[in-house]
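So you can see what is in the structure, the chains are spelled out below.
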Amino acid sequence: MTDDDFVGMDSETHLFRAGRRAPPVVCVTWARPSGRKGIEVGAGARRLVFASLERALSGGPVLAGHSIAYDSACWLATWPDVVTLLFEAYERERIVCTKVNEKLLDIAEGKHFEEPGRGRYKLGELVKKHLGIELEGKGTLQLQYGELDGVPLECWPREHVDYAVNDAVVVFRLLAVQEARARTMQYSLPDAAFQAAADFALFLTTCRGVRANGARVEALLADIRAKKAVLEKKLVAAGLLRTQNHRDGIPTLHKSVGKMRELVWDAHGEDSPRTPGGQPQTDRVTLEDLDDPRAEDWNEYSGLEKTEGSFVLKFLEAVSRPGHCGYNVLVNTGRTSSYGDELGGWNNQNLPRLPGVRECLEARPGYTLSACDFESQEMRTWAEACSVIVGRSVLAERYRRNPEFDPHTAFAAAQLLGISEEEALARKKAGDPEIKKARQSSKIPNFALPGGMGVWGLIGYARQNYGLKWRDAENCGGCRRGQEAGSREHSCFASRVRDAWYHQWPEARGYFAHTASIADGNATLVHLYTGRVRGGVTFTSASNSIFQGLAADASKRALWRVVRACFDPSLGSPLLGCRPWAFVHDETIVEAPEDRAAEAAEEQKRLHEEAMQPLTPHVPARASSSLMRAWSKGAEPVRDRG
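Here the structure is a predicted model, which is why all the values come from computation and not from measurement. Counting of residues starts from 1 at the beginning of each chain's written sequence and follows it residue by residue. It should be noted that, the model being predicted, local features are given only for residues of pLDDT at least 70 and side-chain atom pairs only at 80 or more, the latter also being counted only at that level, while totals for whole chains, interfaces and linings use all residues. Side-chain measures here rest on the full set of heavy atoms in the structure, leaving out hydrogens and waters.

A. Broad picture of the sheet that holds strand S18 (residues 587-593). Two strands are said to pair when DSSP picks up at least two bridges between them. To qualify as a helix, a DSSP run of H or I must reach at least 4 residues; to qualify as a strand, a run of E must reach at least 2; elements of each kind are numbered from the N terminus. With respect to topology, four strands assemble into an open sheet ordered S17-S18-S12-S19, the strand pairing being antiparallel. Of all the strands in the sheet, just strand S17 (579-584) and strand S19 (623-628) have a single pairing partner and so form its edges. Adjacent strand axes in the sheet meet at a mean angle of 20°, parallel and antiparallel pairs treated alike. Pairing geometry for strand S12 (residues 367-374) and S19, over six bridges, is antiparallel. Paired with Ala371 across the two strands is Ser626, which belongs to S19. Against the sheet, helix H21 (residues 597-612) contacts S12, S18 and S19, and its axis sits at roughly 20° relative to S12. Between N-to-C directions, angles span 0 to 180 degrees; the directions come from axes that are lines fitted to C-alpha atoms, helices contributing only their stretch in contact. We call two residues in contact whenever any of their non-hydrogen atoms come within 4.5 Å of each other.

In structure tokens:
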């Protein structure tokens, strides 16, 4: 590594808070492999950022930082006129992130830690792990830089200067370790720069924050607590809730897990599914399978508890100030995840299904939410994967003949109802409830089976996600607790649906033959088109990762385009002045000024389709946009004008 390759950069800022996720910059530091390093404040910091970006774009050193998405967002908030240079540097792969690199390397070795907020990917932890250095001042000095804003650099305490500069120094040292590790693995990290750009786009999505409607939140909270009160009486009577005295003497209700384990044992005995510690499981699917009213009440109560504590109470905080939800740019498949960060927030990508939860979150006055998501995205990416891996795909052919093809209605017609697809489509258009129900059931195999799920998994998926009971224990000797007995015949409804799905999409057998051939728990999977690597794959993780990773890559490319269009005036986009509001797997949501929300929504749709199409050359990409005041799955799509 030479001075011509990389320059390590870091920033110290004012403290961040709700509504100020990207606070003003106090100083910017830099370091080169040769040992040259420096620190700039005020106008000098601005000149350093602009000059570094300009040099990077003209072929000079690539900018490297740890969690550089945060630094980039702070540069943009402090000096808005850096916007085009900054986005262009990311676009042309002139900015990299050591945190993102570490995740990519861990994923490639099959040992990625997906839990957010545990410190495993923080700079101090990685420097200690790879360089054997303890970074002094973490958690203390870094909180004090706001007090130095405007103070001449020559008046700064020495320890504050050294601490700030050292963060830039250790960045390129960490980068050198990562490059050596990648060479040993013969892995070029082909999409590292893109993932760093996606991380920046995700961080900008957190900056504006989400606001909640106080009246809706209070009404939802009252409804949840009323339902809990009814369930509490029943669960106390059943011995599943017990009153205990808290440390301060206040009596509280606690769930009796031991009593619930007894119910599972009474129902299944030695066949009870077990925890790693050998105890009977009490997870939602296991309890649903009991067909016991007490277990149903327990599940409903547990769901209400989680909805109240993990979401609705946090929504209350977002009534008076913005709620900021954190995003993790990479999990093993290549998808993103969401979590509540130190500013509060919640898992924005996994909201409860309880009616009224999403609707608590709304646009600010004068704005409208514009949501755009891909149409049957993972079915299209699975069809693309089959086209490449198997060499043919009935599903891909149907999409090519009709880009608006509906695979759920097609499956319902051919496999569940035994009618023509034309009749099913006509009845769907007329609002036929039988078609609606059958189409909803068709989503279960279409969503679950491409990932290699078996009959038992399909039963659990139908039960957990759609509330459907697809197993008749008396008529299916092949279904057993948590497994399938290969020598037994399956005769339950789930097994018939699975067989029908294989008949509908015959390419599945070739696809699974491929994933079975590469997956032994230690195998390596190379993602289509991007070359990103996932290590330690099993049959199901390989089957899922191929098409989920492709969908994730397309979604992040769409997010990048939408976010840049919101900020960068050089693009002249109708989205300029809108602000990213949320990202949910394949969906971007922006807050758009009401007077041009329709134009913004149409532009979102165009950017989504343009982002995905290069990654699905055998399958046409499609997306749709909707406008709404409050977040809702029931919003109507925006229709193109003319």
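B. Spotlight on the packing of aromatic side chains. Note on aromatic pairs: the rings of Phe, Tyr and Trp (six-membered ring only in Trp) are paired at centre separations within 6.5 Å, and the planes decide the class, stacked below 30 degrees, edge-to-face beyond 60, tilted for the rest. A full pass over the atoms with the stated rule returns 21 aromatic pairs. Consider the rings of Phe87 and Trp560, whose centres lie 5.3 Å apart with planes at 50°: the pair is tilted. With a gap of 473 residues between them, Phe87 in helix H3 (residues 83-91) and Trp560 in helix H20 (residues 539-567) connect regions that are remote in the sequence. Arranged with centres 5.5 Å apart and planes meeting at 65°, the rings of Tyr511 and Phe512 form a pair that is edge-to-face. For Tyr511, a relative accessible area of 0% gives the class buried. A relative accessible area of 8% means that Phe512 is categorised as buried. Relative accessibility decides the category of a residue: with a 1.4 Å probe and only protein chains considered, values under 20% of the type maximum give buried, values over 50% give exposed, and everything between is partly exposed.

C. Here's a closer look at empty space enclosed by the protein. Grid points spaced at 1 Å over the protein atoms alone were grouped into cavities, where a 1.4 Å probe fits but cannot get out, and pockets, open sets with protein on both sides within 12 Å along at least five of seven lines, with lining residues defined by an atom within 4 Å of a point. Grid points are joined across faces, edges and corners, and a volume is the space filled by probe spheres set on the points. For the structure on display, the rule yields one cavity of 30 Å³ or more. Considering only enclosed or pocket space, the largest cavity measures out at about 40 Å³ in volume. Thr205, Thr206, Gly209, Val210, Gly323, Cys325, Tyr327, Asn348 and Trp581 are the residues that line the largest cavity. If you list the elements that add at least two residues to the lining of the largest cavity, you get helix H7 (192-207) and strand S9 (325-328). When residues are grouped by polarity, Ala, Val, Leu, Ile, Met, Phe, Trp, Tyr, Cys and Pro land in nonpolar, Asp, Glu, Lys and Arg in charged, and all others, Gly among them, in polar. Per-class residue counts for the lining of the largest cavity are four nonpolar, five polar and no charged.

D. Quick peek at the packing of helix H14 (residues 407-417) against helix H15 (residues 421-429). In contact at an axis separation of 9 Å, H14 and H15 are set at 120° when each is read in the N-to-C sense. With respect to H15, the element H14 is oriented oblique. Once H14 is placed against H15, the crossing between them reads as right-handed. When H14 is examined against H15, the residues Thr409, Ala410 and Ala413 are found in contact with a partner set consisting of Glu421, Ala424, Leu425 and Lys428. Orientation labels follow simple angle bins: below 35 degrees gives roughly parallel, above 145 gives roughly antiparallel, 65 to 115 gives roughly perpendicular, and whatever is left gives oblique. It is the rotation of the near helix from the far one that decides the hand of a crossing: anticlockwise by less than a right angle makes it left-handed, clockwise makes it right-handed.

E. Here's a closer look at the pattern of salt bridges. Basic side-chain nitrogens of Lys or Arg form a salt bridge, by our definition, when they fall within 4 Å of a carboxyl oxygen of Asp or Glu. Taken as a whole, this structure holds 37 salt bridges when the rule is applied. Here Lys128 and Glu134 are joined by a salt bridge, their closest N and O atoms 3.3 Å apart. Ionic pairing is found between Glu421 and Arg398, a salt bridge with its closest N-O pair at 2.8 Å. One end of the pair, Glu421, is in helix H15; the other, Arg398, is in helix H13 (residues 394-401), with 23 residues separating them in the sequence. Taken together, the shared-partner salt bridges connect Glu102, Asp106, Glu109, Lys111 and Arg181 into one network.

Just distances and angles here, no functional claims.
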